[in-house]
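# A look at the structure
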Amino acid sequence: LAQGYIVGLFPPRSAAMAAGDEWNTEALLRETDAAYEEELNRNPHNMKVWIAYLDAKKAVAPGLRWVFFERAVRALPRCFKIWKRYLSERVEAVSKICPVSPEYEEVNGVFERALVFLNKMPRIWFMYIEFLQKQRRITKTRRTLDRALRSLPIMQHNRVWDLYIPFIKQKFVPKATALLIFRRYLMLEPDHVETYIAYLLTMSHYDEAAVLLANVVNDEGFVSMEGKTNHQLWMDLCDVISKHPKDITSLRIEPIIRGGLKKFTDEVGRLWNSLADHFIRLGQFEKARDVYEEAMMTVTTVHDFTMVFDAYSKFEDSLVTASMQGDEEDQDEAEIDLLLARCEHLIARRKELLSSVLLRQNPHNIHEWLKRTRLFQDNPERVIQTFAEAVMTVDPQKAVGKLPALWIAFAGFYEQHDDLENSRGIFQKAVEMQFKTVDDLATIWCEYVEMELRHGHYEDALRVARQAVSTRKSGDQSVQGRLYRSVKLWALNADLEESLGTAQTVRACYDRIFDLKVATPQLILNYSQYLEENLFFEESFRCYERGVALFKWPHVNDIWLMYLSKFVARYGGRQLERARDLFEQAVHKIPPKFAKRLYLLFARLEEDHGLARHALNIYSRATEAVEESQKFELFSLYISKTSEFFGVTRTREIYAKAIESLKEDEAKEMCLRFADVEKMLGEIDRARGIYQHASQFCDPKTENNFWAKWRDFEVLHGNEDTFREMLRVKRSVEAQYTQTHFNEGELTTGSAPALPADPMQAAEQELQAEDESKKRAAEEREEFSSKRRRLQGSAEESLEFMPANRFNGAKPGFCFKLGVKGLGYYEDPNGSTKKPAAKANDEEIELDLDMDMDDMPEEQAVPASVFGGAAAAQ
């Protein structure tokens with residue numbers, strides 16, 4: 001019964017299976033597992049048993065294995081796991097077989113039976129669709145995809161379309177079919193229109209692609225799935241319609257591109273090139289040339305101009321090349337010459353066109369207008385036309401650059417061509433312009449005057465200068481109404497009056513300047529110099545006084561210097577009191593920066609024509625009035641003058657005052673000078689006190705020069721106590737400076753002492769250096785002791801000696817001993833009968849041998865007086 005049941009249910013599926021696998025009932029029974037069969041008989045719907053049973057039969061032949069799978073799916077027709085394993089193994093079994101073999105059709109039948117029960121399982125649909133795509137069965141695949149869309153819920157449709165879209169993009173799928181399917185897809189996903197547009201472009205359906213792009217661009221709520229902006233979509237649309245003008249029939253290309261020109265100003269050059277390319281592809285070359293010309297006359301950036309000009313030049317070159325490469329019979333020489341002339345003319349116009357672009361950016365740019373005029377140097381008419389256009393275009397209130405330079409260059413062009421009448425006319429028009437500032441208008445008038453002077457028209461120049469400063473309207477706030485207060489014009493007018501006018505006109509001019517309060521220190525100096533040259537000395541001095549009354553420091557400095565110098569040179573000591581009053585007025589509340597020169601002039605006046613004590617008093621006041629950096633120089637001059645007039649002793653108070661007022665570095669130098677003066681006067685104690693006072697400013701580590709001078713001073717003029725005191729002060733000052741972490745030099749430079757890389761090695765080197773210094777000190781002490789013994793021996797040799805082999809009794813003034821000269825009687829230096837010794841020096845220094853040898857004075861020769869009469873006898 002079992003055999004009949006199995007054979008009846010599972011006949012051989014094909015002849016190949018029966019022949020190849022020797023499929024028969026006996027083989028099936030042989031492979032049947034009794035345990036699994038008994039379990040399945042009790043519970044035929046147990047999925048786990050079926051899966052275990054199938055896993056146990058992996059090694060059986062494929063035909064027999066399909067029998068077990070068929071039993072399992074018949075028992076559990078809606079079990080996804082069993083169907084999935086079954087279909088996967090069937091697909092893998094035919095993967096290496098030709099797709100047209102019958103086995104593929106059998107597998108298709110298995111998929112169809114599986115979808116009867118599992119039509120809601122997307123994985124089964126996807127496996128079936130992929131299997132059909134491998135067979136290249138287009139219609140069946142399309143229908144299966146449609147069935148999947150109808151069977152699966154809407155949430156799963158995107159997964160189906162992910163397979164559908166790549167399928168219809170394949171080359172073997174008919175285009176009409178693909179387009180219909182894409183349109184269905186857009187009904188579900190309208191935001192994926194960019195995918196459809198890209199497909200249309202690959203299929204050369206440019207018209208429909210352009211229409212869709214236009215709709216996308218016009219849809220303000222559209223969000224690109226590819227992240228493109230509306231600007232990029234516009235550019236894509238322009239590229240499509242410009243490169244394929246013959247295929248676009250549903251849109252008007254030129255209005256679209258011109259609309260983009262107004263909307264996207266940063267891509268103007270590219271859009272103009274697209275529009276011209278559109279006409280070039282249509283063969284309308286003249287229309288394309290008009291577009292290029294219009295583009296170069298409207299673009300406002302150099303970048304866009306460069307793009308358009310390069311495209312235009314390439315277009316002309318391509319026309320020339322195409323005309324020259326054609327057949328000789330078809331070539332037209334006149335046409336080729338015309339094309340070449342157009343190309344050369346375009347290249348020659350590049351600078352002019354670029355200048356126009358820059359001026360469209362800012363039509364009020366003076367520098368660009370001047371550059372443009374230089375482009376037409378060989379064409380005077382174009383130069384005049386450019387100048388006229390410039391002065392009519394530029395708004396004085398918006399001008400960038402110096403607007404007077406444009407008018408001056410315009411008038412200068414006529415002047416270069418000896419057309420003074422037109423040049424004057426230009427200046428006359430220029431002075432009527434409403435410039436931004438009075439200085440701009442004054443510049444025009446000055447250039448007008450200088451033009452007349454260059455051509456020798458001196459009377460006209462003076463007339464123009466007077467006209468410039470005489471135009472005054474009450475209540476007029478324009479630049480013309482405020483021109484009468486222009487310092488530049490009054491200075492020019494004054495110069496011309498001095499050169500071309502009379503004394504009365506010069507005085508009237510300067511009086512007018514003073515009345516309007518437009519005078520400057522230089523104008524006052526010029527007027528005073530003019531009066532002096534014409535021998536009006538008192539009027540010249542009154543002019544200086546008027547200038548002093550007008551200005552304050554620091555502008556009045558030059559006036560005071562010139563006034564006082566001229567007054568002293570004129571009168572000398574004849575009006576001494578008046579000169580003193582002037583100097584007192586000058587130095588009253590004078591800033592320290594300008595005090596030095598005036599005080600020196602004041603002191604020189606007193607030296608030459610006044611009293612010496614007055615001069616010294618002025619020097620004393622100067623030391624308090626000048627800047628800190630000039631005080632040392634003034635004190636030095638004050639001291640030298642005091643020493644010259646009243647002697648050196650009168651300088652002590654000045655030195656003391658200087659030391660209190662100056663900075664530390666300068667006070668140290670002043671102390672050294674003061675000490676030298678006291679030494680010269682023989683005041684040793686006063687000099688020592690000065691050195692001691694200056695020591696507080698001098699760090700022994702940095703001021704070696706000061707301490708060396710004090711040491712030399714003590715060696716020459718001091719004694720042991722003063723020398724020790726000097727060393728004590730030096731140690732105390734050194735200790736005072738070493739209490740801080742950084743010395744003054746390190747603080748000013750902002751650098752700290754560098755730490756050693758190896759502290760232990762540095763300590764060892766320091767100990768070694770200390771041992772060497774002690775050894776050198778011991779050697780020096782030994783050498784000093786030997787020198788002292790030699791000196792004592794030489795003194796002993798200088799004593800009188802009477803040789804004796806034995807003691808012959810006492811002799812007055814002699815003692816019997818064995819000395820350096822042998823046995824005998826030697827003169828007793830301590831005896832009462834010795835010769836009178838030289839007078840001892842109270843200031844002699846007795847050095848302690850234990851003193852640090854670094855502070856020892858230099859070795860001096862022993863005076864002969866030390867040895868008294870013994871040295872003389874020897």
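Residues numbered from 1 in each chain as written. Predicted model: local features only at pLDDT ≥ 70, side-chain atom pairs only at ≥ 80, totals over all residues. Heavy atoms only, no water.

Two aromatic rings, taken as a pair, are described by how far apart their centres are and by the angle between their planes. Enumeration over the complete set of coordinates arrives at 38 aromatic pairs. Ring geometry for Tyr36 and Tyr53: centres 4.8 Å apart, planes at 10°, overall stacked. Here Tyr53 lies in helix α5 (residues 47–56) and Tyr36 lies in helix α4 (residues 34–42), a separation of 17 residues in the sequence. Aromatic side chains Phe413 and Tyr414 sit 6.2 Å apart centroid to centroid with 70° between the ring planes, which places their arrangement in the edge-to-face category. (Phe/Tyr/Trp six-rings, centres within 6.5 Å; stacked < 30°, edge-to-face > 60°. Helix = DSSP H or I, 4+ residues; strand = E, 2+ residues; numbered from the N terminus.)

This paragraph deals with the side chain of Arg289. Relative to the helices and strands, Arg289 resides in helix α18 (residues 285–296). Judged by relative accessible area, Arg289 falls into the buried class, the value being 7%. Separated by 2.8 Å, the side chains of Arg289 and Glu316 make a polar contact. Look past the residues within four positions of Arg289 in its chain and what remains in contact with it is Tyr312, Phe315, Glu316, Leu319, Leu339 and Arg342. (Buried < 20%, exposed > 50% of the residue type's maximum accessible area, 1.4 Å probe, protein only. Polar contact = N/O pair within 3.5 Å; in protein donor to acceptor, adjacent residues only side chain to side chain. Contact = heavy atoms within 4.5 Å.)

By the secondary structure assignment, Asp304 is in helix α19 (residues 302–325). Arg360 provides the closest opposite charge to the buried, salt-bridge-free Asp304, at an N-O distance of 9.7 Å. At 2.8 Å, the side chain of Asp304 and the side chain of Thr301 are in polar contact. (Lys, Arg positive; Asp, Glu negative; His and termini not counted. Salt bridge = Lys/Arg side-chain N within 4 Å of Asp/Glu carboxyl O.)

Looking now at the packing of helix α17 (residues 268–281) against α19. Relative orientation of the contacting elements α17 and α19 amounts to 20°, with a least axis distance of 7 Å. Our classification of the angle between α17 and α19 gives roughly parallel. As α17 packs across α19, the resulting crossing turns out to be right-handed. Contact residues: α17 offers Val268, Gly269, Arg270, Trp272, Asn273 and Ile280, while α19 offers Asp304, Met307, Val308, Ala311 and Phe315. Partitioning the contact of α17 with α19 into residue classes produces seven nonpolar, two polar and two charged. (Axes fitted to C-alpha atoms, helices over the stretch in contact; angles between N-to-C directions. Parallel < 35°, antiparallel > 145°, perpendicular 65-115°, else oblique. Left-handed = near helix turned anticlockwise from the far one by under 90°. Nonpolar A, V, L, I, M, F, W, Y, C, P; charged D, E, K, R; others polar.)

Here the focus is the environment of Glu450. Positionally, Glu450 belongs in helix α26 (residues 438–454). The exposure class assigned to Glu450 is partly exposed, which follows from its relative accessible area of 35%. Glu450 sits 42 residues away from Leu492 along the chain, and the two C-alpha atoms are 9.7 Å apart.

It is worth spelling out the pattern of salt bridges at this point. Counted according to the given criterion, the structure contains 50 salt bridges. The salt bridge involving Arg546 is made with Asp511; its shortest N-O contact spans 3.7 Å. Of this pair, Arg546 sits in helix α31 (residues 537–550) while Asp511 sits in helix α29 (residues 503–516); the two residues are 35 residues apart in sequence, bridging distant segments of the chain. Look at Arg546 and you get partly exposed, because its relative accessible area is 35%. With its nearest N and O atoms 2.9 Å apart, the salt bridge here joins Arg580 to Glu577. With Arg580 and Glu577 both in helix α33 (residues 576–587) and three residues apart, this pair spans about one turn of that helix.

One can find Ala405 in helix α24 (residues 403–416). Distance in space between the C-alpha atoms of Ala405 and Ile444 is 8.5 Å, their sequence separation being 39 residues.

All right, on to helix α28 (residues 487–500) then. Under the 1.5 Å per step criterion, the end-to-end length of α28 is 20 Å for 14 residues, consistent within 8% with the ideal 20 Å. If you follow the buried residues of α28, they end up packed against α26, α27 (458–470) and α29. (Expected span 1.5 Å × (residues − 1).)

The next subject is the nonpolar core. Counting 125 residues, the largest nonpolar core has Leu406, Trp445, Ile513 and Met670 as its most contacted members. If you look at the next biggest cluster of nonpolar residues, it comprises 103 residues, including Val49, Leu145, Leu200 and Val291. (Core = buried A, V, L, I, M, F, W, Y, C linked by side-chain atoms within 4.5 Å.)

Time to look at helix α11 (residues 157–168). A rise of 1.5 Å per residue sets the reference length of α11, with its 12 residues, at 16 Å; its end C-alpha atoms lie 16 Å apart and thus fit the reference within 8%. Those residues of α11 that fall on the buried side of the exposure criterion are His157, Val160, Trp161, Tyr164, Ile165, Phe167 and Ile168. Along α11, the residues classed as buried sweep out an arc of 155° about the axis, all on the same side. Buried-residue contacts for α11 involve α9 (122–135), α10 (138–151), α12 (175–188) and α13 (193–202). (Arc of directions from axis to C-beta.)

A separate point is the environment of Leu582. Inspection of the secondary structure assignment puts Leu582 in helix α33. C-alpha separation for the pair Leu582 and Phe602, spaced 20 residues apart in sequence, amounts to 9.6 Å. Beyond its immediate sequence surroundings of up to four residues, Leu582 is in contact with Trp560, Tyr563, Leu564 and Phe567.

Next up on the list: a nonpolar patch on the surface. A cluster of nonpolar residues, Ile154, Met155 and Leu188, forms a patch on the protein surface that exposes about 300 Å² of accessible area. Note on placement: Ile154 falls in the loop between α10 and α11. Ile154 sits in the exposed class, given a relative accessible area of 53%. (Patch = residues over 30% accessible without salt bridge, like charges linked within 9 Å, V, L, I, M, F, W, Y side chains within 5 Å. Areas by Shrake-Rupley, 256 points an atom, 1.4 Å probe, with all protein chains shown as cover.)

This is a description of form; function is not addressed.
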